[in-house]
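# Report on the structure
What follows is the residue order along each chain.
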Amino acid sequence: MDNNETAKKKVVHFIRQIINKDIAENKKNSQVITRFPPEPNGYLHIGHAKSICLNFGLAEEYNGRCHLRFDDTNPIKEEQEYIDAIIEDVRWLGFDWGEHLYFASDYFEQMYAWAVQLIRAGKAYVDGLTTEQIREYRGTLTEPGVNSPYRNRSIEENLDLFERMRKGDYKDGEMVLRARIDMGHPNMNMRDPVMYRILHAKHPRTGDKWCIYPMYDWAHGLEDSIEGITHSICTLEFEDHRPLYDWFLDQLGIYHPQQIEFARLNLTFTIMSKRYLLKLVKEGIVSGWDDPRMPTISGLRRRGYTPAALRDFSERVGVAKRDSIVDSQLLEHCLREDLNRHAPRVMGVLNPLKVVITNYPEGKVEEFEAINNPEDEAAGVRKVPFSREIYIEREDFMLNPPKKFFRLAPGREVRLRYAYYITCTDVLQDEKTGDILELHCTYDPESRGGYTPDGRKVRSTIHWVSLEHAIDAEVRQYDYLLTVPDPSAETAKKEFMDYINPNSLTVLHHCKVEPSLVRQKVGFKCQFERKGYFMIDPDSKIPEGTLVFNQTVSLRDTWAKIAQAESGKH
RNA sequence: UGGGGUGUCGUCCAACGGCAGGACACAUGACUCUGGAUCAUGGUAUCGGGGUUCGAAUCCCUGCACCCCAGCCA
């Protein structure tokens, strides 16, 4: 963490308040031990990043520790690929769990013993009802449930049945172990919840050792207890599971961590549900979990996001209990702030328009010194070659410029960044279409380096790349995944798939970038001056093939706003 | 019409009986060899109705709205 980040005032949100109070009262040994407990059934997204930053951040802040624990209790959905990806993502975000890497599956034996303890205490029983029957017996939100006919089996019978469940005497779904609580409880979770189900499935870590697997409600508190977690932070939907979390721990009489719930992160113009993200991947709407449009950590990483930006964002969105949807522009702001300080500047032309500087000597090449990062003097300078033919951005020229357009136009003079002033003298157009093919300009030799002796001003400075020195590149530009900020707020009864933005990806070929970029590797982040921040994508074929850039985020564009406002007027 | 939660600028988060504040967004201006960055300025909010109090976003009563829960998912 750099100084800038730690210097920011941190809000004492309700979880910090709980911790402060605990410490003041010397509860929990005044310790802070948290955990991030992902289920390895998919890739992590930015919502998880918030949780990671919260849990690891709190531990860091209070000189405690945070465990990375895989909640691998459902072998049907979980895979080693996900375990590996999650480890990579958490590490990339900049967190370290030391030796505290755990797996729920490592506790299966202990959990089994505790289940036996509950059976012995008459607090759990083996039920032979079918899934459908269990659902029917559970009652509804407004009606109490009905006791299972198997609820009053003897302890001995339950012990025997449970052991046989483990041994594999039954098929999937034939038996379950249930807690014996209260079928009439107003909280559905307390109506004799299932503790173990039979799953003859190969587990990524335990293989075929087990055929019974613990349910979340049974397992999670035990995992927390075993690890001595002090503050078990989870999302709001687990709020009404807390009585059950507490019940199991109390019945067992073991160490009792405190579960605390906060609101999950939502972002405008995107989706956070693992189910939907999986759908996008499966249906090929995106190229994979790490598609730069995805809100997954791997997607953001490939897009060019930095861990520092994500950590800053996580702090800034705050921690509270009310449902909310954070403006994606806050995320972008955090990103730009970080990249502005750290990304070296280069010149790259996305939509090239050829310019011939008619009074510049043919064959002559000059090199101009360019500043690598005006925000960071230590970044130094580099040389950029200049010659008679260059490319400029098509957008930087208009045949009939509106009032507030300051860039190049017929007869108008602008500055070429770090080079010369040029004036447009001729426009070559396609006779049929009117398309602008090429510009002829003259330069003022007196303006070398970007200033003139007479001190005259130009309204605009534009970027450029020397034609003969330019490197060809592909640029991928991204837009939001969705066409609406919040699908759940839409009144039309549509599916989220109806709000998928068909234009979320634009691929630009034959972009022209300055030659210094040829030395860079995959993952290199830079700013194309006046355009935005870009990162070299792994799809690049370096050094011999195509260089592929992802547009991480555009620069703030005042002109675009003006132009939009103007066009809106007419 | 059971249970659990939540209502503060457009958005997110503060204020914990004492001047409703910050960030993002938006708008205007200054500056600028990036229409970037930076700086300055501005507008906009306590779900409704009662009550307690010198004083209420905060406490009480009442109503309303929204979210979550009926997986052998987590």
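Residues numbered from 1 in each chain as written. Chains lettered and ligands numbered in written order. Predicted model: local features only at pLDDT ≥ 70, side-chain atom pairs only at ≥ 80, totals over all residues. Heavy atoms only, no water.

## Re the pairing of strand S5 (residues 176-179)
Neither face of S5 is left uncovered, since the one carrying Val176 and Arg178 and the one carrying Leu177 and Ala179 both have all their residues buried. Pairing analysis gives four bridges linking strand S4 (residues 124-127) to S5, with the strands arranged antiparallel. Bridge assignment links Asp127 to a residue of S5, and that residue is Val176. Pairing of S5 with strand S6 (residues 194-198) involves three bridges; the strand directions are antiparallel. Note on S6: the bridge partner recorded for Arg178 is Val194. (Buried < 20%, exposed > 50% of the residue type's maximum accessible area, 1.4 Å probe, protein only. Helix = DSSP H or I, 4+ residues; strand = E, 2+ residues; numbered from the N terminus. Pairing = 2+ DSSP bridges.)

## Some points on the domain arrangement of chain A
How big an interface is tends to be stated in terms of accessible area lost as the parts join. As far as domains go, chain A holds domain 1 (14-262) and domain 2 (348-463). Taken over C-alpha atoms, the centre of domain 1 sits 64 Å from the centre of domain 2. (Domains from an automatic or database assignment.)

## Focus: unusual backbone geometry
Look at Phe269: it is not a glycine, yet its phi comes out positive at around 65 degrees. When its relative accessible area of 22% is taken as the criterion, Phe269 is described as partly exposed. In the Ramachandran plot, Arg530 falls in the positive-phi region, its phi being about 70 degrees despite a non-glycine side chain. For Arg530, the location among the structural elements is in the loop between strand S23 (525-528) and strand S24 (532-536).

## Topic: helix H12 (residues 307-316)
Judged by how many residues are buried, H12 sits mostly within the fold: seven of ten residues are covered. Among all positions of H12, only Pro307, Ala309, Leu310, Arg311, Asp312, Phe313 and Ser314 are buried. Backbone geometry just downstream of H12 places Gly318 in the positive-phi region, at approximately 80 degrees.

## Some words on the pattern of salt bridges
Taken as a whole, this structure holds 45 salt bridges when the rule is applied. Ionic pairing is found between Lys202 and Asp208, a salt bridge with its closest N-O pair at 4.0 Å. On the accessibility criterion, Lys202 (61% relative accessible area) is exposed. Overall, the relative accessible area of 61% leaves Asp208 in the exposed class. Notably, a salt bridge pairs Glu474 with Arg476, separated by 2.8 Å at the nearest N-O pair. Each member of the pair, Glu474 as well as Arg476, is classed as buried. A single salt-bridge network, built from bridges that share partners, covers Asp290, Arg302, Glu474, Arg476, Asp537 and Asp539. (Salt bridge = Lys/Arg side-chain N within 4 Å of Asp/Glu carboxyl O.)

## Section: the sheet that holds strand S21 (residues 471-478)
Strand order in the open sheet made by the seven strands is S10-S23-S24-S25-S21-S22-S11, with mixed pairing throughout. Every other strand in the sheet has two partners, leaving strand S10 (345-346) and strand S11 (348-349) as the edge strands with one partner each. In the sheet, S10 pairs with S23 via two bridges, with the strands oriented parallel. Each residue of the ladder has a partner; that of Arg345, found in S23, is Gln527. Packing against the sheet, helix H13 (residues 328-342) makes contact with S10, S23, S24 and strand S25 (547-554), and its axis sits at approximately 120 degrees to S25. (Contact = heavy atoms within 4.5 Å. Axes fitted to C-alpha atoms, helices over the stretch in contact; angles between N-to-C directions.)

## Re the packing of H12 against H13
For the pair H12 and H13, the least separation of the axes is 8 Å and the interaxial angle reads 135 degrees. When the axis of H12 is compared with that of H13, the two are oblique. By crossing handedness, the relation of H12 to H13 is classed as right-handed. Along its contact with H12, which presents Ala308, Ala309, Leu310, Asp312, Phe313 and Arg316, the element H13 presents Leu330, Leu331, His333, Cys334, Leu335, Glu337 and Asp338. By residue class, the composition of the contact of H12 with H13 is eight nonpolar, one polar and four charged. (Parallel < 35°, antiparallel > 145°, perpendicular 65-115°, else oblique. Left-handed = near helix turned anticlockwise from the far one by under 90°. Nonpolar A, V, L, I, M, F, W, Y, C, P; charged D, E, K, R; others polar.)

## Observations regarding the protein's contact with RNA strand B
If you check the shell around RNA strand B, you find 71 residues, and the closest are Arg345, Arg407, Arg415, Gly449 and Thr558. The share of sugar and phosphate among atoms of RNA strand B within 4 Å of the protein is 65%. At 2.7 Å, a backbone N or O of Lys404 approaches a base nitrogen of RNA strand B. Interatomic distance of 2.3 Å between a side-chain N/O atom of Arg415 and a sugar or linking oxygen of RNA strand B. If you list the elements that add at least two residues to the surface near RNA strand B, you get helix H6 (131-137), S6, H13 and helix H14 (558-569). Of the residues in the surface near RNA strand B, the class split is 26 nonpolar, 21 polar and 24 charged. (Near = heavy atom within 4 Å. Polar contact = N/O pair within 3.5 Å; in protein donor to acceptor, adjacent residues only side chain to side chain.)

## As for the environment of Ser232
Residue position: Ser232 is located in strand S8 (residues 231-235). Between the C-alpha atom of Ser232 and that of Arg35, which follows or precedes it by 197 residues, the distance is 6.9 Å. Setting aside chain neighbours within four positions, we find Ser232 in contact with Arg35, His220, Asp224, Tyr245, Gln258, Gln259 and Ile260. At 3.1 Å, the side chain of Ser232 forms a polar contact with the side chain of Arg35.

## Describing H13
Look at H13: 21 Å from first C-alpha to last across 15 residues, which is about the 21 Å you get at 1.5 Å a residue. Inspection of H13 places Ser328, Leu331, Glu332, Cys334, Leu335, Arg336, Asp338 and Leu339 among the buried residues, and these make up the whole buried set. Those residues of H13 hidden inside the fold are in contact with helix H3 (46-61), H12, S10, S23, S24 and S25. In this structure Asp327 caps H13, since a side-chain oxygen of it lies 2.9 Å from the backbone nitrogen of Gln329. (Expected span 1.5 Å × (residues − 1).)

## A closer look at the pairing of strand S16 (residues 413-416)
A regular strand places its side chains so that they alternate between the two faces of the sheet. As paired strands, S16 and strand S17 (residues 421-429) are joined by three bridges and run antiparallel to one another. Its bridge partner being in S17, Glu413 is matched across the sheet by Thr423. Linking two consecutive strands that pair antiparallel, namely S16 and S17, is a turn of four residues; a positive phi of about 70 degrees is found at Tyr418 within it. Here two bridges tie S16 to strand S19 (residues 461-462), and the two strands are oriented parallel to one another. Across the sheet, Arg415 pairs through a bridge with Thr461, a residue of S19.

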